[in-house]
Amino acid sequence: YLAEKILLLNTANFGGDYHIAEGEPVIWTQNDPQRRLTNGALGRIVKIEGETILAELDGQLHCLSPADRQFIDRAWAISVHKAQGSQWKRVIIPIFESKILDRSLIYTALTRAQEQVIFMGSFSSIRRAVEDRAAADMRNCGFEVWLKLVGREQRRAQVAYETSNQRTVG
């Protein structure tokens, strides 16, 4: 409650009903090569002046306008997917029964931490996720069959090429 009061001291209406405050952690959600911003860039709101917001994202200062609202979200907590490529001193990982919870997701979340990891939730869910095969290993999407067909067609094309070269040379 106290943190909310402190944050509300320096807030701005950042497009519609979206209010943002100085000091809030944020994530940029769109690639913008001209501004050197990438999807997943993390940072904080540094200063609010009228409708202009100064944000530090991945170590660089950027001026944001209400038009940028669609590309910025608060980042008090982010998904494992959005966290890939980043690390923090401490990571809290909620564990509950889910179709997407598997060993690869836990590994990815676990490796985001530099010093401490806290697993919160169901011990039986994390045990099942770690002991079972990863979901990616159980997919049956036909990719292996496709690779075999492509390889077979490449071999046929190579044989046809070599045969036609032998006829023209000999």
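Before reading further, recall that the structure is shown in the block above.
Every chain is numbered on its own, with residues counted from 1 as its sequence reads. In view of the model being predicted, local features appear only for residues whose pLDDT reaches at least 70, and side-chain atom pairs are presented and counted only at 80 or more, with totals across whole chains, interfaces and linings using the full set of residues. Side-chain measures here rest on the full set of heavy atoms in the structure, leaving out hydrogens and waters.

1. With respect to the pairing of strand β5 (residues 52-57)
Spelled out, the test is: The classification of residues rests on relative accessible area computed with a 1.4 Å probe and restricted to protein chains. Under 20% of the type maximum is buried, over 50% is exposed, and intermediate values are partly exposed. In DSSP terms, a helix is any run of H or I states spanning at least four residues, a strand is any run of E spanning at least two, and both are numbered starting from the N terminus. For two strands to count as paired, DSSP must find a minimum of two bridges between them.
Every second residue of β5 is oriented toward a common face, the buried set being I53, A55 and L57 and the non-buried set T52, L54 and E56. Here strand β4 (residues 42-49) runs beside β5; their pairing, made up of six bridges, is antiparallel. For K47, the partnering residue across the bridge sits in β5 and is L54. Following β4, the chain reverses through two residues before pairing antiparallel with β5; G50 in that reversal takes a positive phi of roughly 65°. Relative to strand β6 (residues 60-64), β5 runs antiparallel, the two being bridged by five bridges. From the neighbouring strand, E56 faces β6, where its bridge partner is L61. With antiparallel pairing between neighbouring strands as the criterion, β5 and β6 make up a hairpin whose turn holds two residues, including D58 at a positive phi of roughly 50°.

2. Remarks on the environment of A113
Secondary-structure assignment places A113 in strand β9 (residues 113-121). A relative accessible area of 16% places A113 in the buried class. With 24 residues separating them along the chain, A113 and K89 place their C-alpha atoms 5.5 Å apart.

3. Some details on the pattern of salt bridges
Condition: Whenever Lys or Arg places a side-chain nitrogen within 4 Å of a carboxyl oxygen from Asp or Glu, that contact is recorded as a salt bridge.
In total, this model carries eight salt bridges according to the counting rule given. Between R74 and E24 there is a salt bridge, with the nearest N and O atoms lying 3.1 Å from each other. Highlighted residues: R74 in strand β7 (residues 72-74) and E24 in the loop between β2 (19-21) and β3 (25-28), separated in sequence by 50 residues. Its relative accessible area of 6% is what places E24 among the buried residues. Three or more residues joined by partner-sharing salt bridges are found here, namely D32, R35 and D68.

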